[in-house]
Amino acid sequence: MKPSILVACAVFPEILDKLANHFEVSANQSDEVWTTADLATRLQGASGALTTGSERIDAALLAACPGLKICANMAVGFNNFDVPAMTAAGVLATNTPDVLTETTADFGFALLMTTARRMAESEHFLRAGLWHRWRYDMFAGAEVYGSTLGILGMGRIGQGIAKRAAHGFGMSVVYHNRNRLDAVTESACAARWVSKAELLATCDHLMLVLPYSPESHHTIGAAELALMKPTATLVNIARGGIVDDVALAAALRQGTIAAAGLDVFEGEPTVHADLLALSNVVLTPHIASATRSTRWAMAELAADNLIVYLTEGKALTPLNPQVLASKA
Ligand code: 8YV
């Protein structure tokens, strides 16, 4: 008998067909996000789950689903997983690194350009029929070419953005990360490590690409925003919760910083009304990895992790390889 798996979110039908060659597949192809209680009910008897960042896998869920062996996240970020609890329960956790790096770096750069050059705001103005004549200061934004980019979090995506900035846009790149990069990687990114305070004070544009954890909660709040230049832009393509959205809205309203481009929000898909009320913020619905080929690659990698683990006891991108070792 084939093992059973649950696909908790809509994916490409072809990926479901591939999974069905190996498993009894139960799939949520609707837009409904299941609560943890729904998930626990639907996971009864399942050996594996394909999840996105929207489904929380924690100790209580694991205790309610003793047959579960693997959760494959279709995302590089895995703050929806309690990885220590999964390891303790002997459940393998996997994510989708690498396949989305360049696509997400492209989007970060696009959001920076859109925000600094006021493209969304000016497009809304034009569509509203408000464009009657050219003016020297109409939608005058901030310079990108040759300016200073600060990157907070310097993993694969941060490095991709640094390379675009330094080699394509003549930018000076400074970064802050808990672990400083080795000299070879720093030189390939043309990036210089600085303290967080120096990063905030010197950058013309700040790009947030750090993972979310309880430690990174509200890394950017009122105190950090106050250190930034009044002309600065902030871009968040990392996770909601890294920025205090209420403090950011206040800073944008008061002119503490000039503008923000946000792809992620606290409590998404709900966006704080204070942000929605502002014109100097560009808001996108968590789409940084959304090209067809990248989303395909993410879904395929998540599916392949389920297949190789449940059929051969192997994994392509494990987050807790201790589980593999304990089963060997
Ligand atoms: C996902 C992301 O689309 O990979 C990540 O961490 O944020 C996005 O690429 C999203 O998390 C849904 O899984």
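All values derive from a computational prediction rather than experimental measurement.

Some remarks on the packing of aromatic side chains
Alright, step 1. Throughout the structure, instances matching the rule amount to three aromatic pairs.
Alright, step 2. Ring plane angle 40° and centroid distance 4.6 Å describe the contact between Phe109 and Phe169, whose orientation is recorded as tilted. Here Phe109, found in helix H5 (residues 101-116), pairs with Phe169, found in helix H7 (residues 156-169); they are 60 residues apart in sequence, far enough to count as distant.
Alright, step 3. By relative accessible area, which is 6% here, Phe109 ends up buried.
Alright, step 4. A relative accessible area of 25% places Phe169 in the partly exposed class.
Alright, step 5. Between Phe125 and Phe139, the ring centres sit 5.0 Å apart and the planes meet at 75°, which makes this aromatic pair edge-to-face. With Phe125 in helix H6 (residues 119-127) and Phe139 in the loop between H6 and strand E6 (148-152), this pair connects stretches of sequence that are 14 residues apart.

Concerning the pattern of salt bridges
Alright, step 1. Under the counting rule described, the total for this entry stands at 13 salt bridges.
Alright, step 2. Across the pair Arg192 and Glu198 runs a salt bridge whose closest N-O atoms are separated by 4.0 Å.
Alright, step 3. Residue Arg192 is classed as partly exposed on the basis of its relative accessible area, which comes to 48%.
Alright, step 4. Glu198 gets classed as partly exposed once you look at its relative accessible area, which sits at 34%.
Alright, step 5. Here the salt bridges do not stand alone but share partners, grouping Lys18, Glu300 and Asp304 into one network.

Cut-off values and rules
Residues numbered from 1 in each chain as written. Predicted model: local features only at pLDDT ≥ 70, side-chain atom pairs only at ≥ 80, totals over all residues. Heavy atoms only, no water. Phe/Tyr/Trp six-rings, centres within 6.5 Å; stacked < 30°, edge-to-face > 60°. Helix = DSSP H or I, 4+ residues; strand = E, 2+ residues; numbered from the N terminus. Buried < 20%, exposed > 50% of the residue type's maximum accessible area, 1.4 Å probe, protein only. Salt bridge = Lys/Arg side-chain N within 4 Å of Asp/Glu carboxyl O.

The analysis is restricted to geometry; functional conclusions fall outside its scope.
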